[in-house]
Amino acid sequence: MEENKDLKKIVIGVPHTGVFNAHTVMSLLSLAVPDGYQMQFHFVASCLLYESRERIARYALQENADYLLFLDSDMVVPYDLVVKLVKHDLMFVTGMAFKRIYPYQPCFYTTVRLKKDFKPILESPAEFPDEGLLKIEGAGMACCLIKTDVFRNVKPPWFFPLPNIGEDLTFCLKLQKNKIDMFVDLGINVGHVGDTIVQKEYFKETYDIHVKSGKKGLLFGDASSDCAFFSDVKDKGGAELEL
């Protein structure tokens with residue numbers, strides 16, 4: 001398709017390993033294009049996720065895109081995802097995604113820190129409104145819209161992972177250092193393909209059971225573990241890593 005120079009451009013970058021769920025493919029094909037924009041898909045296969053993200057970001061710059069939308073190959077997104085995210089006109093905004101295995105933790109964090117001994121401190125909200133923007137300190141890149149100026153202003157490599165925290169939150173730490181604000185749109189409920197398509201309702205139900213059991217709070221203390229759902233972060237002290 002010939003490029004329309006009068007339209008702004010959004011590159012939709014999809015890192016993958018060669019396998020796509022049918023629900024994911026159908027949702028990608030159904031995405032609405034925002035007025036005044038054109039969208040271009042860019043699929044990158046690699047066994048190294050950070051390498052795929054680096055290549056996608058470089059491609060978006062090469063194409064002089066205005067935005068880069070990262071979408072993971074196991075996500076099911078609403079048709080109006082891009083329309084809603086673009087309207088915010090933010091440097092970094094994500095829809096809500098949740099881990100695909102029990103207990104379905106949110107993949108967006110109100111606290112993202114890394115201490116000098118490379119111990120991560122992650123906190124994610126247990127309760128949040130059904131709509132609106134929430135300021136965060138980091139998120140997974142599963143459904144994240146980023147202005148390409150971010151990549152022009154932040155020194156690469158953007159996604160080479162620090163120990164214990166992964167390529168996505170490493171990128172978010174760099175955004176923190178460069179004073180780039182990050183937000184999650186609480187009205188965008190994205191599905192994560194596992195044994196079923198996990199959305200907000202799975203997490204809410206799990207957390208309600210947790211609250212009724214008499215426990216309170218929701219803290220994530222281990223970025224490398226899917227079992228850190230209700231773990232306490234006992235030691236928040238110590239010097240933070242300088243990036």
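None of these values were measured; they are calculated from a predicted model.

A. Just the pattern of salt bridges, in detail. Across all of its chains, the model carries eleven salt bridges by this definition. Residue K147 pairs with D89 through a salt bridge whose shortest N-O separation is 2.6 Å. You can see K147 sitting in strand β11 (residues 143-147) and its partner D89 sitting in the loop between α3 (81-87) and β5 (92-96), a full 58 residues away along the chain. Overall, K147 belongs to the buried group, its relative accessible area being 17%. In this structure, the salt-bridge partner of D130 is K200, at a minimum N-O distance of 3.4 Å. Within this pair, whereas D130 is found in the loop between β8 (120-123) and β9 (133-136), its partner K200 is found in helix α6 (residues 200-212), the two being separated by 70 residues in sequence. Judged by relative accessible area, which is 56%, D130 ranks as exposed. Among the charged side chains, a salt-bridge network with shared partners connects R53, D72 and E167.

B. Highlighting the sheet that holds strand β13 (residues 191-193). Read from one edge to the other, the open sheet built from three strands follows the order β4-β13-β14, with strand pairing classed as antiparallel. A strand with exactly one partner marks an edge of an open sheet, and here the two such strands are β4 (75-76) and β14 (197-198). Sheet topology note: the β13/β14 ladder contains two bridges and is antiparallel. Across the sheet, residue H192 finds its bridge partner in β14, namely V198.

C. How the structure looks around the side chain of S46. Among the structural elements, S46 can be located in the loop between β2 (37-45) and α2 (49-62). In this structure S46 comes out as buried when scored by relative accessible area, which is 15%. Other than its neighbours up to four places away in sequence, S46 contacts H16, T17, E51, S52 and R55.

D. Focus on the pairing of strand β3 (residues 67-71). Extensive coverage of β3 is indicated by the burial of five of its five residues. Examined bridge by bridge, β3 and β11 share five bridges and lie antiparallel to one another. Across the sheet, residue L68 finds its bridge partner in β11, namely I146.

E. Just the sheet that holds strand β12 (residues 182-189), in detail. Pairing in this open sheet of seven strands is mixed, and the strands run β2-β1-β3-β11-β5-β12-β9 from one edge to the other. Of all strands in the sheet, those with a lone pairing partner are β2 and β9, marking the two edges. With direction set aside, neighbouring strand axes in the sheet form an average angle of 25°.

F. Geometry of the pairing of strand β7 (residues 111-114). Strand direction decides the pairing type here: β7 and β8, joined by four bridges, are antiparallel. Directly across from V112, in β8, lies its bridge partner L122. The turn joining β7 and β8, which pair antiparallel and follow one another in sequence, is formed by five residues; a positive phi near 65° is taken by F118.

G. Looking closely at helix α5 (residues 166-177). Taking 1.5 Å per residue, twelve residues should reach 16 Å; α5 reaches 17 Å between its end C-alpha atoms and fits that length. Where burial is concerned, most of α5 is hidden: nine out of the twelve residues are buried.

Each value, and the rule that gives it
- Residues numbered from 1 in each chain as written.
- Predicted model: local features only at pLDDT ≥ 70, side-chain atom pairs only at ≥ 80, totals over all residues.
- Heavy atoms only, no water.
- Salt bridge = Lys/Arg side-chain N within 4 Å of Asp/Glu carboxyl O.
- Helix = DSSP H or I, 4+ residues; strand = E, 2+ residues; numbered from the N terminus.
- Buried < 20%, exposed > 50% of the residue type's maximum accessible area, 1.4 Å probe, protein only.
- Pairing = 2+ DSSP bridges.
- Contact = heavy atoms within 4.5 Å.
- Axes fitted to C-alpha atoms, helices over the stretch in contact; angles between N-to-C directions.
- Expected span 1.5 Å × (residues − 1).

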